[in-house]
Amino acid sequence: MAYELPALPYDYTALEPYINKSTLEFHHDKHHAAYVNNYNAAVKDSDLDSKSIEEVIKAVAGDSSKAGIFNNAAQAWNHTFYWNCMKPNGGGMPTGALADKINADFGSFDKFVEAFKSAGATQFGSGWAWLVLDNGTLKVTKTLNAENPLSAGPTPLLTMDVWEHAYYLDYQNRRPDYINDFITKLINWDFVAANLAAAS
Ligand code: MN3
């Protein structure tokens, strides 16, 4: 079924000065829109057209003859998820059950931050850093290009886009500075907590 490009959940200037209007205009209106359009064109009139985008991602993952469909489906999904992982005046510390779970599974919030920063900084080239729930345990992972944890089983709770298009206009080559601002100023912990509650 056609996948609709969602509107950003905040204004184009809402994440300034960390992610500026021009980045969100290009990233949402051009990059994300292109993935959505390519995905819809690829599944139209095919046997995948009746499936949800999550079902398509799982159905075509690992099938090299359907790599184009996978890449556009996963990138359409990943970006929608990524927008929701940020909010104006975000960052800070998670609370409640999510904070307890992070402490239990990583040892401390700082250890989680260290692992998440490392995943983002060491993803060579383009990709994503993730916090996932894997068989009841929180883990930090990273994926290459469009890859998404859904196809292997773990439930995504948080993601950070580390493709250059996510940060280059604001940070140029300083990916670690973008990662630091993403964690300390932008993460929407309420969204992450809701994802954990839904998956538990
Ligand atoms: Mn992107």
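As a reminder, the structure under discussion sits directly above these lines.
Each chain carries its own residue numbering, running from 1 in the written order of its sequence. Totals for whole chains, interfaces and linings use all residues, but because this is a predicted model, local features are given only for residues with pLDDT of at least 70 and pairs of side-chain atoms are given and counted only at 80 or more. No hydrogens and no water enter the side-chain calculation; it runs on all heavy atoms of the structure.

K.L.:
How should I be thinking about the pairing of strand S2 (residues 137–144) in this particular structure?
P.N.:
Looking down a regular strand, the side chains alternate between one sheet face and the other. In the sheet, strand S1 (residues 127–134) pairs with S2 via eight bridges, with the strands oriented antiparallel. Opposite tryptophan 130, over in S2, you have threonine 141 as the bridge partner. Connecting the antiparallel pair S1 and S2 is a turn made up of two residues, with asparagine 135 showing a positive phi of about 50 degrees. Should DSSP find at least two bridges between two strands, the strands are regarded as paired. Numbering of helices and strands starts at the N terminus; helices are DSSP runs of H or I of at least 4 residues and strands are runs of E of at least 2.

K.L.:
What's the story with the pattern of salt bridges in this structure? I'm lost.
P.N.:
Working definition: two side chains of opposite charge can pair if their charged atoms are close together. When a carboxyl oxygen of Asp or Glu is within 4 Å of a side-chain nitrogen of Lys or Arg, the pair counts as a salt bridge. Within this structure, the stated rule accounts for seven salt bridges. The closest approach of N and O atoms between lysine 21 and glutamate 25, which form a salt bridge, is 3.8 Å. One end of the pair, lysine 21, and the other, glutamate 25, are both in helix H1 (residues 21–43), four residues apart, so they sit about a helical turn from each other. Partly exposed residues are those whose accessible area sits between 20% and 50% of the maximum for their type, while under 20% is buried and over 50% is exposed, using a 1.4 Å probe and protein chains only. Judged by its relative accessible area of 39%, lysine 21 is partly exposed. Residue aspartate 45 pairs with lysine 44 through a salt bridge whose shortest N-O separation is 3.8 Å. Taken individually, aspartate 45 and lysine 44 each receive the classification exposed, so the pair is uniform in this respect.

K.L.:
Can you help me understand the sheet that holds S1 in this one?
P.N.:
In sheet architecture, strand pairing relies on hydrogen bonds along the backbone and comes in two forms, parallel and antiparallel. One open sheet holds the three strands; their spatial order is S2-S1-S3, and the pairing between them is antiparallel. Two strands close off the open sheet at either side, each with one partner strand: S2 and strand S3 (155–161). This sheet shows a mean twist of 25 degrees between the axes of neighbouring strands, independent of strand direction. Interaxial angle, 0 to 180 degrees, is taken between N-to-C directions of lines fitted to C-alpha atoms, where a helix line uses only the stretch in contact.

K.L.:
How should I be thinking about the packing of helix H2 (residues 53–60) against helix H3 (residues 67–84) in this particular structure?
P.N.:
Packed helices, taken two at a time, are described by their axes: the angle between them and the distance between them. Running from N to C, H2 and H3 point in directions that differ by 140 degrees, and their axes come no closer than 9 Å. As the angle between them shows, H2 and H3 are arranged oblique. Handedness of the crossing formed by H2 with H3: left-handed. The segment H2 lies against H3, with Ile53, Glu54, Val56, Ile57 and Val60 engaging Ile69, Phe70, Ala73, Ala74, Ala76 and Trp77. Note on residue classes: Ala, Val, Leu, Ile, Met, Phe, Trp, Tyr, Cys and Pro are nonpolar, Asp, Glu, Lys and Arg are charged, and everything else, Gly too, is polar. Across the contact of H2 with H3, the residue classes break down as 10 nonpolar, no polar and one charged. Note that the term roughly parallel is reserved for angles under 35 degrees, roughly antiparallel for angles over 145, roughly perpendicular for angles of 65 to 115, and oblique for everything else. For any helix crossing, the convention is left-handed if the near helix is rotated counterclockwise from the far helix by under a right angle, and right-handed if that rotation is clockwise. Throughout, a residue-residue contact means that at least one pair of heavy atoms, one from each residue, lies within 4.5 Å.

K.L.:
Got a minute to help me understand the environment of glycine 68 in this structure?
P.N.:
Mapped onto the secondary structure, glycine 68 falls in helix H3. C-alpha separation for the pair glycine 68 and alanine 104, spaced 36 residues apart in sequence, amounts to 39 Å.

K.L.:
How do you make sense of H3 when you look at a structure like this?
P.N.:
Quick reminder: α-helices carry 3.6 residues per turn. Residues three or four places apart thus point the same way. Given a helix with a known number of residues, its expected span is that number minus one, times 1.5 Å. Taking 1.5 Å per residue as the helical rise, H3 with its 18 residues ought to reach 26 Å, and the 26 Å between its terminal C-alpha atoms agrees with that figure. Counted residue by residue, H3 has 14 buried out of 18 residues, so it is predominantly covered.

K.L.:
Would you take a moment to explain the packing of helix H4 (residues 96–106) against helix H8 (residues 189–199) for this structure?
P.N.:
Interaxial distance between H4 and H8 falls to 9 Å at its minimum, and their mutual angle equals 80 degrees. Relative to H8, the element H4 is oriented roughly perpendicular. When H4 is examined against H8, the residues Ala97, Leu98, Lys101 and Ile102 are found in contact with a partner set consisting of Trp189, Val192, Ala193 and Leu196.

All quantities given are derived from atomic positions and should not be read as evidence of function.
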